[in-house]
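# Reading the structure
Residue strings, one per chain:
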Amino acid sequence: MKSATLQLETLVCPSCSQKIEAALKNLDGVQKDTVTVSFSSSRARFDFDESTLDIKEAEKAVGKVGFEVLKTRVK
Ligand SMILES: [Cu+2]
């Protein structure tokens, strides 16, 4: 299990973070109960199974709902 932090472009309202959270929870390999999106720091965090999910897929999913990922950290 790995842990990811995505630095996003500045979120302008709390419903943005809900959209992103829902998109991440939809992905196979993401531990749903670990997904948190902080509106104030514009950051998404979650744990995921690296054998099921390529982190690029998570970036893509966030992009699809309309938000840019500025930086990704996995550890
Ligand atoms: Cu919004």
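Residues numbered from 1 in each chain as written. Predicted model: local features only at pLDDT ≥ 70, side-chain atom pairs only at ≥ 80, totals over all residues.

With that out of the way, let us pick up the overall build of the chain. Scanning the chain from terminus to terminus reveals two helices and four strands. For 75 residues, the compact-globule estimate of 2.2 N^0.38 gives 11 Å, and the chain sits close to it at 11 Å. Evaluated residue by residue, the chain yields a buried proportion of 24% over its 75 residues. Sequence separation of 24 or more characterises 67% of the internal contacts of the chain that already satisfy a separation of 6 or more. (Helix = DSSP H or I, 4+ residues; strand = E, 2+ residues; numbered from the N terminus. Rg over C-alpha atoms; globule rule 2.2 N^0.38 Å. Buried ≥ 20, exposed ≤ 12 C-beta atoms within 10 Å, placed from the backbone. Contact = placed C-beta atoms within 7 Å.)

What follows covers the packing of helix 1 (residues 14–25) against helix 2 (residues 55–64). Packing of helix 1 against helix 2 leaves a shortest axis separation of 9 Å and a crossing angle of 140°. Classified by the angle between their axes, helix 1 and helix 2 sit oblique to one another. As helix 1 runs across helix 2, the sense of the crossing is right-handed. Side by side, helix 1 and helix 2 meet where Ile20, Ala23 and Leu24 of the first sit next to Ala58, Ala61, Val62 and Lys64 of the second. Of the residues belonging to the contact of helix 1 with helix 2, the class tally is six nonpolar, no polar and one charged. (Axes fitted to C-alpha atoms, helices over the stretch in contact; angles between N-to-C directions. Parallel < 35°, antiparallel > 145°, perpendicular 65-115°, else oblique. Left-handed = near helix turned anticlockwise from the far one by under 90°. Nonpolar A, V, L, I, M, F, W, Y, C, P; charged D, E, K, R; others polar.)

Across soluble globular proteins, nonpolar side chains show a tendency to be buried alongside one another. If you look at the biggest cluster of nonpolar residues, it comprises 17 residues, and the most contacted ones within it are Leu8, Ile20, Leu24, Ala44, Phe46 and Val62. When contributions to this core are tallied by element, the ones reaching two or more residues are strand 1 (2–8), helix 1, strand 3 (43–48) and helix 2. With sequence-adjacent residues up to four places away left out, Leu8 is seen in contact with Ser42, Arg43, Ala44, Val62, Phe67, Glu68, Val69 and Leu70. (Core = buried A, V, L, I, M, F, W, Y, C linked by C-beta atoms within 7 Å.)

Let us now look at the sheet that holds strand 2 (residues 36–38). The antiparallel open sheet is built from four strands, whose spatial order is 2-3-1-4. Edge positions in the sheet fall to strand 2 and strand 4 (69–74), since each has one partner strand and no second. The sheet shows a mean angle of 15° between the axes of neighbouring strands, taken without regard to direction. The pairing of strand 1 with strand 3 spans six bridges and is antiparallel. Note on strand 3: the bridge partner recorded for Leu6 is Ala44. Across the sheet, helix 2 is in contact with strand 1 and strand 4; its angle to strand 4 comes to roughly 150°. (Pairing = 2+ DSSP bridges.)

What follows concerns the environment of Leu8. Among the structural elements, Leu8 can be located in strand 1. Here Leu8 falls in the buried class, since 20 other C-beta atoms lie within 10 Å of it. Considered as a pair, Leu8 and Thr72 are 64 residues apart in the sequence and their alpha carbons are 8.8 Å apart.

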